[in-house]
Amino acid sequence: SPHCPRVARGRSTRRLVKMSTSDIDTLNFLTPEVAFEIADTIGTPCYAYDLATLKKQAEAALAFPNAYGLTVRYAMKAAPNAAILKLFHSMGLHFDCSSIFEV
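Quick caveat: nothing in here was measured; it's all calculated off a predicted structure. (Residues numbered from 1 in each chain as written. Predicted model: local features only at pLDDT ≥ 70, side-chain atom pairs only at ≥ 80, totals over all residues. Heavy atoms only, no water.)

Colleague: Mind laying out the overall build of the protein, listing which residues take part and the relevant values?
Modeller: Scanning the protein from N- to C-terminus turns up four helices and two strands. Helices and strands in the protein line up, N terminus first, as α-α-α-β-α-β. Expressed as a percentage of the 103 residues in the protein, the buried residues total 21%. At a minimum sequence separation of 6, the contacts of the protein that also span at least 24 residues come to 45%. Surface summary for the protein: the accessible area is close to 7800 Å², and the carbon and sulfur share equals 55%. (Helix = DSSP H or I, 4+ residues; strand = E, 2+ residues; numbered from the N terminus. Buried < 20%, exposed > 50% of the residue type's maximum accessible area, 1.4 Å probe, protein only. Contact = heavy atoms within 4.5 Å. Areas by Shrake-Rupley, 256 points an atom, 1.4 Å probe, with all protein chains shown as cover.)

Next up, the structure:
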C-alpha cells in the first residue's frame, strides 16, 4: 500500500501528521527521523518526498520565462500522492490527468 500508516502494520505512527485539507503545513510529509524509522520498520523501497525540494521545483517551473503565457501542469502519473497534489494545487499548478476521477 502507498499509505505508510497502513503499511506500518499496527505499529505506532503517532509522529506522522494527519492530512488536512485547509492547512498546507499539516500535509503528510515525513521528517528525516520518521523516514528512517519507517525504513527500519517496513523496509525499502518506501517512497518519501522532500517538501522543500517539491516547493523549489514548482516555484522554478512557475517562474520559467515565457513570452505568451505558460500553464504549469504536474503529470499525475509521476506520483499521484494526495499530499503532493494538494501542495501543487495550493501553489497554482494545474494537473495533467486522463479524467477528473484521477484527481
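Colleague: Lay out the packing of aromatic side chains in plain terms, naming residues and giving numbers.
Modeller: One pass over the structure, following the stated rule, counts two aromatic pairs. An angle of 65 degrees between the planes, with centres 4.9 Å apart, marks the rings of tyrosine 74 and phenylalanine 88 as edge-to-face. Of this pair, tyrosine 74 sits in strand β1 (residues 73-75) while phenylalanine 88 sits in helix α4 (residues 82-91), and the two are 14 residues apart along the sequence. Each member of the pair, tyrosine 74 as well as phenylalanine 88, carries the same accessibility label: buried. (Phe/Tyr/Trp six-rings, centres within 6.5 Å; stacked < 30°, edge-to-face > 60°.)

Colleague: How would you summarise the environment of histidine 94 if you had to cite specific residues and measurements?
Modeller: Secondary-structure assignment places histidine 94 in strand β2 (residues 94-96). Each C-alpha atom, one on histidine 94 and one on tyrosine 74, is 6.2 Å from the other, the two residues being 20 residues apart in sequence. Setting aside chain neighbours within four positions, we find histidine 94 in contact with Thr71, Val72, Arg73 and Tyr74.

Colleague: Describe in detail the nonpolar core, supporting the description with residues and values.
Modeller: Membership of the largest hydrophobic core is limited to twelve residues, which are Leu54, Ala58, Val72, Tyr74, Met76, Ala79, Ile84, Leu85, Leu87, Phe88, Leu93 and Phe95. Residues within four places of phenylalanine 95 in sequence aside, it is in contact with Arg73, Tyr74, Met76, Leu85, Phe88 and His89. (Core = buried A, V, L, I, M, F, W, Y, C linked by side-chain atoms within 4.5 Å.)

Colleague: Report on unusual backbone geometry, specifying residues and quantitative values.
Modeller: A cis amide bond links threonine 44 with the next residue in sequence, proline 45, at an omega value of 10 degrees. Looking at the secondary structure, you find proline 45 in the loop between α2 (32-42) and α3 (51-62).

Colleague: Now, about the packing of α3 against α4: what can you tell me, with residues and values included?
Modeller: For the pair α3 and α4, the least separation of the axes is 11 Å and the interaxial angle reads 40 degrees. Relative to α4, the crossing made by α3 is right-handed. Residues Leu51, Leu54, Lys55, Ala58, Glu59 and Leu62 of α3 touch α4, and the partners they reach there are Ile84, Leu87, Phe88 and Met91. (Axes fitted to C-alpha atoms, helices over the stretch in contact; angles between N-to-C directions. Left-handed = near helix turned anticlockwise from the far one by under 90°.)

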